[in-house]
Amino acid sequence: MTQIQAPYTVVLIVPTGIGAAIGGYAGDALPVARAIAHVADRLITHPNVMNGAQLYWPMANSLYVEGYGLDHFAAGHWGLRPVCQNRVGLLLDQAIEPDLRLRHLQAADAARATLGLQLTDYVVTDQPLGVELRTASSGATWGTIQHPGSLLRAAKKLIHEAGAEAIAVVARFPDDEDSDALQSYRHGQGVDPLAGAEAVISHLIVRTFQVPCAHAPALSPLPPDPDVSPRSAAEELGYTFLPCVLAGLSRAPQFVTSSQGRSPIETIWADQVNAVVIPETACGGSAVLSFSDAATPIITVADNTTTMNASSEQLMIPAYRVQSYLEAIGILVSHKAGISPTALQPHLPTIKPLN
Amino acid sequence: MSIAYGEDRFPITTLFLELSVSFTASHQPLRERIEAALKAHGEPLRWAITAVDLDKQSLRVEAVVIHDAVGP
């Protein structure tokens, strides 16, 4: 059947570092993304959803958008321009030991040879980035880096001298294999201890250069553990988490800022989004508030519990509140077909006069 | 091959903070109110409302902000 309506566009958000029951571990919201991408014409989502270390799943109708860029897209400040391929620049933290650096360079070469991805020459930061992890009172992980200037100097070199169109960052994260947080994470519980600092790193680059960016942590291999959760198992498969980042960035949309106007006809803007899917308790982020202000339909999923306590009901955000992603997908199918979800329920109240 | 590079400066620091923001009725969108509160501490980089206290009409916000004018 020939399509005569605008592409049905869904934004799927699972914020990182908040212990999401689905998507809080090793790319374990990817099955949700795959299912939504099957019923939507376009899916816009972010690295925390798509990255499963050595595992990933390219989808032609999906747009891989870093969180800072997603916030500005939702606010209407930036558009998304799909691309055929980006030249990806690899940025390595000086703190990565020689053997671990070699593993990452070989992952990059493998992506070039086996997947045909285009990478520029790489850059090593002029100082150790000094990643610092932090857990806030909410239970969310945040984190900062001691030398953001070194990170940005390296990114600038990749963009301006090597011609990189997207930046893959690998920062050395602290090994803390005996910590309770890491043990819980490997067992599919608690909050990803690294996630907050990862987001800060990629946000800094996207904010400064307006190019796609994603991050993979460099860590020493962990001893085998027979009790690793399936949700965390993707990060136990090899020496690096880089392959998914390179694959995602290779086709990540470029950002179009408002000052560049809306002339490129293929650019996607926030007012073309038909629905947003978000965990029920995590409605307090910038992107969801922007979409809510624009009256974009929002679907909240109760099953995907988090450490946040900011529901659509508490924030007085109108939303379809459902229990599961299976129900959310039902709402999307109904909405795309132009069928009111209430018509699919047994009790339909009579029409009333407007007061 | 790796690339050598020069002395471009990006004099910024990042700061984590937690604060409360009023949740009373307003014509100003909530996102703008939160970002305005954060801008008293720096440029908002990443933030979220982590809890809502309806009795006190208050929101708990966690954030990382940027200071641009400090040396690296």
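Residues numbered from 1 in each chain as written. Chains lettered and ligands numbered in written order. Predicted model: local features only at pLDDT ≥ 70, side-chain atom pairs only at ≥ 80, totals over all residues. Heavy atoms only, no water.

Here's the deal with the overall build of chain B
For step 1, the next point in the chain: A count of helices and strands for chain B gives one helix and three strands.
For step 2, the next point in the chain: When the helices and strands of chain B are read in sequence order from the N terminus, they spell out β-α-β-β.
For step 3, the next point in the chain: In chain B, buried positions account for 46% of the 72 residues.
For step 4, the next point in the chain: Taking as baseline every contact in chain B between residues at least 6 positions apart, the subset at least 24 positions apart corresponds to 56%.
For step 5, the next point in the chain: As displayed, chain B has an accessible area near 3,800 Å², and 53% of this comes from carbon and sulfur atoms. (Helix = DSSP H or I, 4+ residues; strand = E, 2+ residues; numbered from the N terminus. Buried < 20%, exposed > 50% of the residue type's maximum accessible area, 1.4 Å probe, protein only. Contact = heavy atoms within 4.5 Å. Areas by Shrake-Rupley, 256 points an atom, 1.4 Å probe, with all protein chains shown as cover.)

Brief notes about the packing of aromatic side chains
Residue and element names in this part refer to chain A.
For step 1, the next point in the chain: For the structure on display, the rule yields five aromatic pairs over all chains.
For step 2, the next point in the chain: What links up through ring pairs into an aromatic cluster is the set Tyr68, Trp78 and Phe255.
For step 3, the next point in the chain: Here Arg34 stacks its cationic end above the ring of Trp57, 3.7 Å away from the centre of that ring.
For step 4, the next point in the chain: The aromatic ring of Tyr239 is capped on one face by Arg103, whose charged end is 3.6 Å from the ring centroid. (Phe/Tyr/Trp six-rings, centres within 6.5 Å; stacked < 30°, edge-to-face > 60°. Lys NZ or Arg CZ within 6 Å of the ring centre and 35° of its normal.)

Some details on the sheet that holds strand E12 (residues 275–279) of chain A
Residue and element names in this part refer to chain A.
For step 1, the next point in the chain: Spatially, six strands are ordered E3-E2-E1-E12-E13-E14 in an open sheet, and the strand pairing comes out parallel. Each of the sheet's edge strands pairs with one partner strand only, and the pair in question is strand E3 (62–64) and strand E14 (320–322). Across the sheet, the mean angle separating the axes of adjacent strands is 20° when strand polarity is ignored.
For step 2, the next point in the chain: In terms of strand pairing, strand E1 (residues 9–12) meets strand E2 (residues 42–45) through three bridges, oriented parallel. Bridge pairing in E2 links Val11 to Ile44. (Pairing = 2+ DSSP bridges. Axes fitted to C-alpha atoms, helices over the stretch in contact; angles between N-to-C directions.)

So, the nonpolar core
For step 1, the next point in the chain: Counting 78 residues, the largest nonpolar core has Ile44(A), Ile167(A), Ile205(A), Leu315(A), Ile34(B) and Ile49(B) as the members making the most contacts within it.
For step 2, the next point in the chain: If you tally residues by element for this core, the top one is helix H7 (residues 195–209) of chain A, at seven residues.
For step 3, the next point in the chain: Ile34(B) has contacts with Leu289(A), Val21(B), Trp47(B), Ile49(B), Leu59(B) and Val61(B), leaving out every residue within four places of it along the chain.
For step 4, the next point in the chain: The next biggest cluster of nonpolar side chains, apart from the first, holds 55 residues, and it includes Ala33(A), Ala166(A), Ala214(A) and Ala216(A). (Core = buried A, V, L, I, M, F, W, Y, C linked by side-chain atoms within 4.5 Å.)

Points about the layout of surface pockets
Residues and elements named next belong to chain A.
For step 1, the next point in the chain: By volume, the second largest pocket is sized at about 420 Å³.
For step 2, the next point in the chain: Elements supplying a minimum of two residues to the lining of the second largest pocket: E3 and helix H8 (242–250).
For step 3, the next point in the chain: At four residues, H8 tops the list of elements feeding residues into the lining of the second largest pocket. (1 Å grid on protein atoms, 1.4 Å probe; cavity = no way out; pocket = protein on both sides within 12 Å on 5 of 7 lines; lining within 4 Å. Points joined across faces, edges and corners; volume = space filled by probe spheres on them.)

Some thoughts on the environment of Gly188(A)
All names here are of chain A.
For step 1, the next point in the chain: Residue position: Gly188 is located in the loop between helix H6 (180–186) and H7.
For step 2, the next point in the chain: The class for Gly188 is partly exposed, based on a relative accessible area of 24%.
For step 3, the next point in the chain: Sequence separation of Gly188 and Gln314 is 126 residues, and the distance between their C-alpha atoms is 28 Å.
For step 4, the next point in the chain: Leave out the neighbours within four places in its chain, and Gly188 touches Tyr25, Ser229 and Ser232.

Focus on the pattern of salt bridges
For step 1, the next point in the chain: Using the criterion set out here, one finds 12 salt bridges over all chains in the structure.
For step 2, the next point in the chain: A salt bridge links Asp109(A) to Arg112(A), with the shortest nitrogen-to-oxygen separation between them at 2.7 Å. With a gap of three residues between them, Asp109(A) and Arg112(A) both fall in helix H4 (residues 98–115), about one helical turn apart.
For step 3, the next point in the chain: With a relative accessible area of 45%, Arg112(A) lands in the partly exposed category.
For step 4, the next point in the chain: Across the pair Glu43(B) and Arg207(A) runs a salt bridge whose closest N-O atoms are separated by 2.7 Å. Note that Glu43(B) is positioned in strand E2 (residues 43–53) and Arg207(A) in helix H7, a pairing that runs across two chains.
For step 5, the next point in the chain: Using a relative accessible area of 26% as the deciding quantity, one classes Glu43(B) as partly exposed. (Salt bridge = Lys/Arg side-chain N within 4 Å of Asp/Glu carboxyl O.)

Description of empty space enclosed by the protein
All names here are of chain A.
For step 1, the next point in the chain: All told, the structure shown has one cavity of 30 Å³ or more when counted by the stated rule.
For step 2, the next point in the chain: In this structure, the largest cavity encloses a volume near 40 Å³.
For step 3, the next point in the chain: Pro15, Thr16, Gly17, Ile18, Gly19, Ala20, Gly23, Gly24, Asn48, Asp192 and Ala195 together form the lining of the largest cavity.
For step 4, the next point in the chain: A class-by-class count of the residues in the lining of the largest cavity yields four nonpolar, six polar and one charged. (Nonpolar A, V, L, I, M, F, W, Y, C, P; charged D, E, K, R; others polar.)

Details of the pairing of strand E5 (residues 88–92) of chain A
Residues and elements named next belong to chain A.
For step 1, the next point in the chain: Of all five residues in E5, five are buried, a share of seventy percent or more.
For step 2, the next point in the chain: As paired elements, E5 and strand E6 (residues 123–124) share two bridges and run parallel to each other. Its bridge partner being in E6, Leu91 is matched across the sheet by Val123.
For step 3, the next point in the chain: The β-α-β motif built from E5, the intervening H4 and the parallel element E6 has right-handed crossover chirality. (Right-handed = clockwise from strand over helix to strand, strands pointing away.)

Some points on helix H9 (residues 286–293) of chain A
Every α-helix carries 3.6 residues per turn, so stepping three or four residues along brings you back to the same face.
For step 1, the next point in the chain: For H9(A), the buried fraction is high: six of the eight residues fall into the buried class.
For step 2, the next point in the chain: Three or more residues of H9(A) are buried, namely Ser286(A), Ala287(A), Val288(A), Leu289(A), Ser290(A) and Phe291(A).
For step 3, the next point in the chain: Contacts from the buried residues of H9(A) go to E1, helix H3 (67–74), E12 and strand E13 (298–301) of chain A together with helix H1 (30–39) and E2 of chain B.
For step 4, the next point in the chain: Positive phi appears at Ala295(A), one or two residues downstream of H9(A), with a value of about 60°.

Thoughts on the environment of Leu194(A)
For step 1, the next point in the chain: With respect to the helices and strands, the residue Leu194(A) is situated in the loop between H6 and H7.
For step 2, the next point in the chain: C-alpha of Leu194(A) to C-alpha of His347(A): the two residues are 153 residues apart in sequence and 47 Å apart in space.

Read these as geometric descriptors, not functional statements.
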